[in-house]
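# Examination of the molecular architecture
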Protein chains: 2
Amino acid sequence: MPNRLTINDIARLSGVGKSTVSRVLNNENGVSQQTRERVAAVVNQHGFSPSRSARAMRGQSDKVVAIIVTRLDSRAENLAVQTMLPAFYEQGYDPIMMESRFQPELVAEHLQMLSQRNIDGVVLFGFTGITPCLLAAWRDSLVVMARDVSGFSSVSYDDEGAIELLMAKLYAEGHRQIGFIGVPHSDVTTGKRRHQAYETFCRQHDLTPRAVLPGLGMQPGYDHVAQVLTPETTALLCASDSLALGASKYLQERRIALQLASVGNTSLINFLHPEILTVDPGYAEAGRQAAAQLIAQVTDVDAPHQHVIPARLV
Amino acid sequence: MPNRLTINDIARLSGVGKSTVSRVLNNENGVSQQTRERVAAVVNQHGFSPSRSARAMRGQSDKVVAIIVTRLDSRAENLAVQTMLPAFYEQGYDPIMMESRFQPELVAEHLQMLSQRNIDGVVLFGFTGITPCLLAAWRDSLVVMARDVSGFSSVSYDDEGAIELLMAKLYAEGHRQIGFIGVPHSDVTTGKRRHQAYETFCRQHDLTPRAVLPGLGMQPGYDHVAQVLTPETTALLCASDSLALGASKYLQERRIALQLASVGNTSLINFLHPEILTVDPGYAEAGRQAAAQLIAQVTDVDAPHQHVIPARLV
DNA sequence: CTGTTAGCGCCTTCAG
DNA sequence: CTGAAGGCGCTAACAG
């Protein structure tokens, strides 16, 4: 692993000056085809690669980005990160990872730490409590995931679309008593938007809404499903896969047969409960998009931009 | 986020030379208390932090490590990484993450990429197909997780101990017909060792072993449980939590009541199936240990070392 | 105790 | 088209 060769060695080995080697390395023009090939040969032969630190010191960019997830074991975020990583690597960026655990203070600490690293940019998975002022210093080099923070780039999911898709499908299948289990409105996206989309659909189709908003997680799902169930209920819409998991456990225990539907298409739920109707919020695409957007932004070819990923029934 | 101050600025601002500032920054001795405090004040006041690249170039390390997980959504690995990250950050190391997806070629590619990055060290979550020669170049700066590769540092789980713990408990509860569902022996740890520990316990306690080794994952668990069930079977031991999840789905569907036991204590399984007897292989501790070992090793205060984390009933 | 002087490996003028 | 010379921010000798 020691890459002890330097640009000087390569220069000597191929009988040219360092600047020429540098030009070849950076694909600059102003080098004869002959020389270029000769240098390239030596470079490849020795598996030489320029020192990133030296580069960084000269220019600016370290080519390092950070990805701050809420929890490492969030299935949804995993799916996004899974496409994000390769996208970054392809462009020569090294992604370092951090966990916020839904704590704004931890985000602050992490960003603090990152600012001492001369990081190029940050992808932050948003959650309740993230405020613009917390991120102020990063206006140009930050992409928020799953949430839109005014003034910042973001890649978010189509909450309304996802709910509409599911509701329309349930409705088409004949369901008229559809319960909803979600997240408090303090969570704008998973909470407020999804719930409102549900309410809206109910209103437009003359259905009686019955909703409960205990919050994210399996346990809340389990504990609170009962509250939206009436003897007539035939279907239940869940704002997230963890809620669906919890709710479905409850229903199974009570032997209550209900058509479940949920936002969030993960392998876990697909295996455990293939009967659940799910919609893919586009995690994979969101990951790619976030990486692309961040790179575009820090490479100065793009301005902050709000991007919404369309949902897709599966 | 631009840390535009340099050591020179600090020197000027506090009326000393750069070397003095450097000494203060690195807590070296040979600076009067007076001067030290004055410089420190200026540093804090301006929130100055030295450029990592410049430091790295001057011969110090980059303070960057890589963590190569098999899958970002492995619950077991998540738990280990969750403790590993803070451990690295505390020591000033930036962890970059990669996914191997159980493909040795991908590991090779990643290591290749890392060697051009002048990385300090690597934590690699092992799997079948990882050979010493693949890792040869990293002998001194690599820690393998969950597997021991001869000649390399490793942090592994106590496979035998975990199985014994579970079997002993099942036995103590009166179970005499205990099935086993595991992983082929090509996987030395989760596969061979756990299965053999099962066989050994059966032999020692005069039980009739009944095992099937379809491989990791929920689907294999679901598809193959039936093969180890007899009318007399009262308990089933699973080599991993995903197998347990699969098996338990099958049993639930068939309304077969069985005491399940499984290696792998994750919140998912604890919620979904609290009735399953689980043993914690010590993921959290393993993560801490791996980080500590890697740091000790690259700081040159330690030699490669095989570490085994004890299992613990929960 | 403290300042001065060299580079680390690279990119970037600037001459040739 | 190419090489020589500087300097990025920092640390490590070496002088005072």
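Residues numbered from 1 in each chain as written. Chains lettered and ligands numbered in written order. Predicted model: local features only at pLDDT ≥ 70, side-chain atom pairs only at ≥ 80, totals over all residues. Heavy atoms only, no water.

## A closer look at the overall build of chain A
Here is the rule we go by: Only runs of H or I of at least four residues qualify as helices and only runs of E of at least two qualify as strands under DSSP, and these elements are numbered from the N terminus. Note on method: radius of gyration uses C-alpha positions; expected globular size equals 2.2 Å times residues raised to 0.38. Each residue is assigned to one of three classes by its accessible area relative to the maximum for its type, calculated with a 1.4 Å probe on protein chains only: buried under 20%, partly exposed between the two thresholds, exposed over 50%. Any two residues whose heavy atoms approach within 4.5 Å are treated as being in contact. Just so you know, the count uses Lys and Arg for positive and Asp and Glu for negative, and it drops His and the chain ends. Here the site of a charge means NZ on Lys, CZ on Arg, CG on Asp, or CD on Glu.
If you tally the helices and strands in chain A, you get 13 helices and 12 strands. What you see for chain A is a C-alpha radius of gyration of 25 Å, clearly larger than the 20 Å of a compact globule of 314 residues, by over 25%. Taken along the three principal axes of its C-alpha coordinates, chain A extends 85 × 35 × 35 Å. Buried residues in chain A amount to 52% of all 314 residues. Restricting to contacts in chain A with at least 6 residues of sequence separation, those with at least 24 account for 62%. Seen as two clouds, the 28 positive and the 31 negative side-chain charges of chain A have centres 6 Å apart.

## Observations concerning the relation of the copies chain B and chain A
Cut-off, in case you're wondering: C-alpha atoms of residues with pLDDT of at least 70 in both copies form the basis for the least-squares superposition of the copies.
Once turned by 180° and shifted 0.0 Å along the axis, chain B lies on chain A with an RMSD of 0.1 Å. In short, the pair behaves as if placed about a two-fold rotation axis. The residues that chain B uses at the interface reappear at the interface of chain A in 94% of cases, marking a shared surface.

## Considering the protein's contact with DNA strand D
Note the cut-off: Definition of nearness: a residue and a molecule or strand are near each other if at least one heavy atom of the residue lies within 4 Å of the molecule or strand. Whenever two N or O atoms come within 3.5 Å, that pair is a polar contact, provided that in protein one can donate a hydrogen and the other can accept it, and provided that, for residues adjacent in sequence, both atoms are side-chain atoms.
Close to DNA strand D lie 29 residues; Arg23(A), Thr35(A), Arg58(A), Ile7(B) and Lys18(B) are nearest. Near the protein, within 4 Å, the atoms of DNA strand D are sugar or phosphate in 55% of cases. A distance of 2.8 Å is found between a phosphate oxygen of DNA strand D and a backbone nitrogen or oxygen belonging to Gly17(A). Take Thr20(A): an N or O atom from its side chain is 2.7 Å from a phosphate oxygen of DNA strand D.

## Description of the packing of helix α2 (residues 18-25) of chain B against helix α3 (residues 33-46) of chain B
Residues and elements named next belong to chain B. Rules: Every axis in this analysis is a line fitted to C-alpha atoms, fitted for helices over the stretch in contact. Angles between the N-to-C directions lie between 0 and 180 degrees. Working rule for angles: under 35 degrees goes down as roughly parallel, over 145 as roughly antiparallel, 65 to 115 as roughly perpendicular, anything else as oblique. Residues are grouped as follows: nonpolar covers Ala, Val, Leu, Ile, Met, Phe, Trp, Tyr, Cys and Pro; charged covers Asp, Glu, Lys and Arg; every other residue, Gly included, is treated as polar.
Closest axis-to-axis distance for the α2/α3 pair is 10 Å, and the angle between their directions is 85°. In terms of their interaxial angle, α2 and α3 are classed as roughly perpendicular. On α3, the residues that touch Thr20, Val21, Arg23, Val24 and Leu25 of α2 are Thr35, Arg36, Val39, Ala40 and Val43. In the contact of α2 with α3, the residues fall into six nonpolar, two polar and two charged.

## Topic: the packing of aromatic side chains
For clarity, the threshold we go by: Paired rings are identified among Phe, Tyr and Trp, the last through its six-membered ring, by centres lying within 6.5 Å, and are further divided according to the angle between planes into stacked (under 30 degrees), edge-to-face (over 60) and tilted (the rest). For a lysine, the NZ atom is tested; for an arginine, the CZ atom; a charge sits over a ring if that atom is within 6 Å of the ring centre and within 35 degrees of the ring normal.
Inspection of every chain in the model, using the stated rule, returns 14 aromatic pairs over all chains. Their ring planes at 65° and their centres at 6.5 Å tell us that Phe88(B) and Tyr93(B) sit as a pair that is edge-to-face. Take Phe88(B) and Tyr93(B): they sit in the same class, and that class is buried. Both rings, one in Phe102(B) and one in Phe127(B), keep their centres 5.7 Å apart while their planes meet at 80°; by these two values the pair is edge-to-face. With Phe102(B) in the loop between β2 (94-99) and α6 (104-115) and Phe127(B) in the loop between β3 (121-125) and α7 (132-135), this residue pair connects regions lying 25 residues apart in the sequence. Geometry around Tyr222(A) places Lys249(A) over its ring, the cationic atom sitting 5.6 Å from the centre.

## Describing the domain arrangement of chain A
Condition: As annotated, the domain borders come from an automatic or database domain assignment.
When cut into domains, chain A gives domain 1 (7-57), domain 2 (64-157 + 284-313) and domain 3 (159-280). A C-alpha centroid distance of 59 Å is found between domain 1 of chain A and domain 3 of chain A.

## Quick notes on the protein's contact with DNA strand C
In the vicinity of DNA strand C lie 28 residues, with Ile7(A), Arg55(A), Ser19(B), Arg23(B) and Thr35(B) positioned nearest. Of what DNA strand C places within 4 Å of the protein, 53% of the atoms are sugar or phosphate. Taking Ser22(A), its side chain carries an N or O atom lying 3.1 Å from a phosphate oxygen of DNA strand C. Gly17(B) places a polar main-chain atom, nitrogen or oxygen, 2.8 Å from a phosphate oxygen of DNA strand C. Taken together, the elements giving at least two residues each to the surface near DNA strand C come down to α2 (18-25) and α4 (52-58) of chain A together with α2 of chain B. Broken down by class, the residue content of the surface near DNA strand C amounts to eight nonpolar, 12 polar and eight charged.

## So, the nonpolar core
Inclusion rule: Put simply, a nonpolar core is a bunch of buried Ala, Val, Leu, Ile, Met, Phe, Trp, Tyr and Cys residues held in one set by side-chain atoms that sit within 4.5 Å of each other.
In terms of nonpolar packing, the biggest core is built from 93 residues, with Met145(A) and Met145(B) touching the most fellow members. At eight residues, the largest contribution of residues to this core is made by helix α5 (residues 75-90) of chain A. When residues no more than four places from it in sequence are discounted, the contact partners of Met145(B) are Ala80(B), Met84(B), Val123(B), Leu124(B), Phe125(B), Gly126(B), Val155(B), Tyr157(B), Ala286(B), Gly287(B) and Ala290(B). Residues Phe180(A), Leu229(B), Val263(B) and Leu272(B) belong to the second largest nonpolar core, which totals 85 residues.

## Section: the sheet that holds strand β9 (residues 259-263) of chain A
What holds strands together in a sheet is hydrogen bonding between their backbones, with the strands either parallel or antiparallel. Residues and elements named next belong to chain A. Here is the rule we go by: Pairing between strands requires that DSSP locate at least two bridges from one strand to the other.
Read across the sheet, six strands follow the order β7-β6-β8-β9-β10-β12 without closing on themselves; strand pairing throughout is mixed. On the outer flanks of this sheet lie β7 (210-212) and β12 (312-313), each paired with one strand and no other. Sheet topology places strand β6 (residues 178-181) next to β7; three bridges connect them, and they run parallel. Residue pairing in the sheet places Phe180 in a bridge with Ala211 of β7.

## Here's the deal with the sheet that holds strand β9 (residues 259-263) of chain B
Residue and element names in this part refer to chain B. Spatial strand order, β7-β6-β8-β9-β10-β12: six strands in an open sheet with mixed pairing. Among the strands making up the open sheet, the edge pair consists of β7 (210-212) and β12 (312-313). Docked against the sheet, helix α11 (residues 241-253) engages β6 (178-181), β8 (235-238) and β9, running at close to 160° with respect to β9.

## Things to note about the pairing of strand β2 (residues 94-99) of chain A
Residue and element names in this part refer to chain A. Note the threshold: Orient the strands so they point away from the viewer; a crossover is then right-handed if the path from the first strand over the helix to the second runs clockwise.
With six of its six residues buried, β2 lies for the most part within the structure. Neither face of β2 is left uncovered, since the one carrying Asp94, Ile96 and Met98 and the one carrying Pro95, Met97 and Glu99 both have all their residues buried. A crossover connection joins strand β1 (residues 64-69) to the parallel β2 through α5; in handedness this β-α-β unit is right-handed.

## Observations concerning the pattern of salt bridges
Here is the rule we go by: Think of a salt bridge as a Lys or Arg side-chain nitrogen and an Asp or Glu carboxyl oxygen that are within 4 Å of each other.
This model, assessed by the stated rule, comprises 29 salt bridges over all chains. With its nearest N and O atoms 3.2 Å apart, the salt bridge here joins Asp187(A) to Arg147(A). You can see Asp187(A) sitting in the loop between β6 and α9 (188-204) and its partner Arg147(A) sitting in the loop between β4 (142-145) and β5 (153-157), a full 40 residues away along the chain. Side by side, Asp187(A) and Arg147(A) carry an identical accessibility label, which is buried. Here Asp94(B) and Arg52(B) are joined by a salt bridge, their closest N and O atoms 3.6 Å apart. Highlighted residues: Asp94(B) in strand β2 and Arg52(B) in helix α4 (residues 52-57), separated in sequence by 42 residues. For the pair formed by Asp94(B) and Arg52(B), the shared burial category is buried. Connected through salt bridges with shared partners, the residues Arg52(A), Asp94(A), Asp62(B) and Arg117(B) form a single ionic network.

## Things to note about the pairing of strand β5 (residues 153-157) of chain B
Residue and element names in this part refer to chain B. In terms of burial, β5 is largely enclosed, as five of its five residues are buried. Pairing of strand β4 (residues 142-145) with β5 involves three bridges; the strand directions are parallel. Residue pairing in the sheet places Val144 in a bridge with Ser154 of β5.

## Examining the packing of helix α8 (residues 159-172) of chain B against helix α9 (residues 188-204) of chain B
Residue and element names in this part refer to chain B. Quick reminder of the rule: Here is the rule for handedness: rotate from the far helix to the near one, and if that takes an anticlockwise turn smaller than a right angle the crossing is left-handed, while a clockwise turn gives right-handed.
One way to put it is that α8 packs onto α9 with a least axis distance of 8 Å and a crossing angle of 40°. Of the possible angle classes, the one that applies to α8 and α9 is oblique. The hand of the α8/α9 crossing is right-handed. When α8 is examined against α9, the residues Asp159, Glu160, Ile163, Glu164, Met167, Ala168 and Tyr171 are found in contact with a partner set consisting of Thr189, Thr190, Arg193, Arg194, Ala197, Tyr198, Phe201 and Cys202. Per-class residue counts for the contact of α8 with α9 are eight nonpolar, two polar and five charged.

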